[in-house]
Amino acid sequence: MRCFCAILILGLSAAPPALADTEFDIVCAGNCQAAFEGAVEDVAAALNYKALGPAEPGGITGFGIGAFVNYTPVRNDDDWRTLTGTDVDFVGMAGVAASKGLPFGIDLGAFYTAVPDTGVKAYGAELRYAILDGGIASPALALRGALTRTSGIDDFDYEAYSIDVSLSKGFTFLTPYVGAGYVWAEADPSGDVATIAGLSKAEVDEQRFFVGLRVSFLLLEITPEYERTGDNSAYNLRLGLSF
C-alpha cells in the first residue's frame, strides 16, 4: 500500500507535467486529425468517471467524501507531439469526490478535479443502483451510469459518458471490488483551430475494466485502484472518510 501511494505521489510531482504550459493548445500543421484522435484516446482514459470504491450502497444515512489522484501514462506520445509540439508522458489529476446514499439502493456521486500545472478542470456525476446490497455471506452488485465534462480547454469541448457493473465483497476491514463497462467520449474542436488544423470531432468507444481494494480504519478509507480503458492503463488512489 505504501509503495502504491509513493509511486503515485512521486509520479505526479516529479515527472514532466502533462499538458504543462500548453493548456492543450493545438499547433499541428500536418496529419492533425489522426493525431487528435490518438490524443483524445489518452484523455478519455484519464478523465472518465472513476469508480474509487466498492459496490455496496451507502444507505439513506450514508455519506462519503475523499481526495484522490490519478496517473495515466499516455500511449500515443507521438500524436501528442504532432498535435501540441510538446512531449507528454502522462495525464495526471488531483481532486475531490463525494457520494450520498439514498433510499432503495441508490447512490449519487460527484467529483471535481484539476490537471496539475494547467488550467484544465474536469467534473462529473454518477448515479448508481445496487442490484444486490451484499451481506455477511453474499456479495454486492451495482450498476452505474456517469457523465464527465471539462473546462479550461480552449481548442475543443470534451465530454464522456460511461456505464459499468461492479461486484464487491467485504472481509473485515478489506473490501475488494471489480467491475467492467464501456466509455463513450467525444472531443469537438472549436474556434479557429477547427479550420486551421482541419479538425473534426473525435469519438472514443472503449471497453473499461477496473479492480480495487477498499481498506477501512473506522471512518478512514484508503482505496488503490487499477483501471484499463481500451489499451490505456490508469492508476488511482483515494483517501477519504465515510459516515
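Residues numbered from 1 in each chain as written. Predicted model: local features only at pLDDT ≥ 70, side-chain atom pairs only at ≥ 80, totals over all residues. Heavy atoms only, no water.

Caption draft 1: Broad picture of the state of the cysteines. According to the stated counting rule, one finds one disulfide in the structure shown. The disulfide partner of Cys28 is Cys32, and the gap between their sulfur atoms is 2.2 Å. Torsion about the S-S bond of the Cys28 and Cys32 cystine: about -100°, corresponding to left-handed handedness. The buried category is assigned to Cys28, whose relative accessible area is 8%. Judged by its relative accessible area of 6%, Cys32 is buried. (Disulfide = S-S within 2.5 Å. Buried < 20%, exposed > 50% of the residue type's maximum accessible area, 1.4 Å probe, protein only.)

Caption draft 2: Quick peek at the confidence of the model for the protein chain. The predicted model of the protein chain averages 88 in pLDDT, with 91% of residues at 70 or higher. Predicted confidence in the protein chain is weakest over helix α1 (residues 2-14), with a mean pLDDT of 40, and strongest over strand β9 (residues 220-229), with 97. In the model, residues 1-22 has pLDDT below 50 throughout and makes 42 contacts with residues more than four positions away in sequence or in other chains. (pLDDT = per-residue confidence, 0-100. Helix = DSSP H or I, 4+ residues; strand = E, 2+ residues; numbered from the N terminus. Contact = heavy atoms within 4.5 Å.)

Caption draft 3: Fine view of the environment of Lys169. Mapping Lys169 onto the fold places it in the loop between β6 (156-168) and β7 (174-189). If near-sequence neighbours (up to four positions away) are discounted, Lys169 is found in contact with Glu56, Gly135, Ile136, Ala137, Ser138, Pro139, Leu174, Thr175 and Pro176. Only 2.9 Å separates the side chain of Lys169 from the backbone oxygen of Ile136, close enough to count as a polar contact. (Polar contact = N/O pair within 3.5 Å; in protein donor to acceptor, adjacent residues only side chain to side chain.)

Caption draft 4: Region of interest: the pairing of β9. For β9, a buried count of seven out of ten residues is recorded, marking the element as mostly surrounded by other parts of the structure. Pairing of strand β8 (residues 202-217) with β9 involves eight bridges; the strand directions are antiparallel. Looking at the pairing, Phe217 lines up with Leu220 of β9. Hairpin connection between β8 and β9: a loop of two residues separates the two successive antiparallel strands, and Leu218 in this loop has a positive phi of roughly 60°. (Pairing = 2+ DSSP bridges.)

Caption draft 5: Structural context of the pattern of salt bridges. Counted under the stated rule, the structure contains eleven salt bridges. Ionic pairing is found between Arg144 and Glu126, a salt bridge with its closest N-O pair at 2.8 Å. A residue pair is termed long-range when its members are at least 10 positions apart, and Arg144 in strand β5 (residues 140-151) and Glu126 in strand β4 (residues 121-132) qualify at 18 residues. For Arg208, the salt bridge is made with Glu227, and the minimal N-O distance between the two is 2.5 Å. Note that Arg208 is positioned in strand β8 and Glu227 in strand β9, a separation of 19 residues in sequence. Grouping residues by exposure puts Arg208 and Glu227 together as buried. Look at the salt bridges and you will find they share partners, linking Lys50, Glu126, Arg144, Asp164, Arg208 and Glu227 into a network. (Salt bridge = Lys/Arg side-chain N within 4 Å of Asp/Glu carboxyl O.)

Caption draft 6: Spatial organisation of the environment of Tyr158. Here Tyr158 is to be found in strand β6. The exposure class assigned to Tyr158 is buried, which follows from its relative accessible area of 4%. Linking Tyr158 and Gln33, residues 125 residues apart in sequence, is a C-alpha distance of 16 Å. Excluding anything up to four places from it in sequence, Tyr158 contacts Val43, Ala44, Leu47, Thr148, Arg149, Thr150, Ala185, Glu186 and Ala187.

Caption draft 7: Quick look at the nonpolar core. One finds Phe24, Ile26, Phe36, Trp80, Leu83, Phe156 and Tyr158 to be the most contacted residues of the largest nonpolar core, which totals 38 residues. Secondary structure elements with two or more residues in this core: α2 (32-47), α3 (77-84), β2 (90-101), β6, β7 and β8. Broken down by element, this core gets its largest block of residues, nine residues, from α2. Excluding anything up to four places from it in sequence, Phe36 contacts Ile26, Leu83, Phe156, Ala187, Pro189, Leu199, Ser200 and Ala202. (Core = buried A, V, L, I, M, F, W, Y, C linked by side-chain atoms within 4.5 Å.)

Caption draft 8: Geometry of the sheet that holds β5. Here ten strands make up a closed barrel; going around it, the order is β1-β2-β3-β4-β5-β6-β7-β8-β9-β10 and the pairing antiparallel. Each strand of the sheet is rotated relative to its neighbour by a mean of 20°, with strand direction disregarded. Of the strand pairs in this sheet, β4 and β5 are connected by eleven bridges, and their pairing is antiparallel. Opposite Arg128, over in β5, you have Arg144 as the bridge partner. (Axes fitted to C-alpha atoms, helices over the stretch in contact; angles between N-to-C directions.)

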